[in-house]
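Working through the structure, step by step
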Amino acid sequence: MKKEDTVKLISAEGFEFVISKEAAMVSQTIRNMLTSPGGFAETEHGEVTFPEISTTILEKICQYFYWSLQYSRGKETDFHIEPELTLELMMAANYLHT
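Residues numbered from 1 in each chain as written. Predicted model: local features only at pLDDT ≥ 70, side-chain atom pairs only at ≥ 80, totals over all residues. Heavy atoms only, no water.

Per an unreviewed UniProt entry, the protein goes by Elongin-C and derives from Citrus x changshan-huyou. Turning to the protein, the UniProt record has this under Sequence similarities (unreviewed entry): "Belongs to the SKP1 family." Entered under Subcellular location (unreviewed entry) in the UniProt record, the comment concerning the protein runs "Nucleus". (UniProt positions renumbered as here; feature names shortened; annotations may be inferred.)

Encoded structure:
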């Protein structure tokens, strides 16, 4: 995968997730950050830092992005969410508009 086809998502703890740009675009918030005119750092560097989202939650969000792409293409599978992650995950999903 070419660098321009990927996006780096950085958690509050500094852990980096490199995912496909197509998967990242599942989030309307990330889509806006990466496609907005005006020379924003996110657009220029292809990376987005989330100072309020923990590594565990961001990892689950990345998994959801890929699951959502598969689901939209007709592959229906379950997406398991651990009960202890539910509240934080809902808050992050609300912020990311996913």
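Points about helix H2 (residues 28–35)
Those residues of H2 that sit buried are Thr29, Ile30, Met33 and Leu34. For H2, the buried positions fall inside an angular range of 125 degrees around the axis, keeping them on one side. Residues of H2 that are buried make contact with strand S1 (6–10), helix H1 (21–24), helix H3 (41–45), strand S3 (47–49), helix H4 (55–72) and helix H5 (86–96). In this structure Ser27 caps H2, since a side-chain oxygen of it lies 3.3 Å from the backbone nitrogen of Thr29. (Buried < 20%, exposed > 50% of the residue type's maximum accessible area, 1.4 Å probe, protein only. Helix = DSSP H or I, 4+ residues; strand = E, 2+ residues; numbered from the N terminus. Arc of directions from axis to C-beta. Contact = heavy atoms within 4.5 Å. Polar contact = N/O pair within 3.5 Å; in protein donor to acceptor, adjacent residues only side chain to side chain.)

Overview of the packing of aromatic side chains
Per the counting criterion, the structure on display carries six aromatic pairs. An aromatic cluster is present here, built from Tyr64, Trp67, Tyr71 and Phe79 joined pairwise through their rings. The ring of Phe79 has Lys60 sitting right over it, with the charged end atom 5.1 Å from the ring centre. (Phe/Tyr/Trp six-rings, centres within 6.5 Å; stacked < 30°, edge-to-face > 60°. Lys NZ or Arg CZ within 6 Å of the ring centre and 35° of its normal.)

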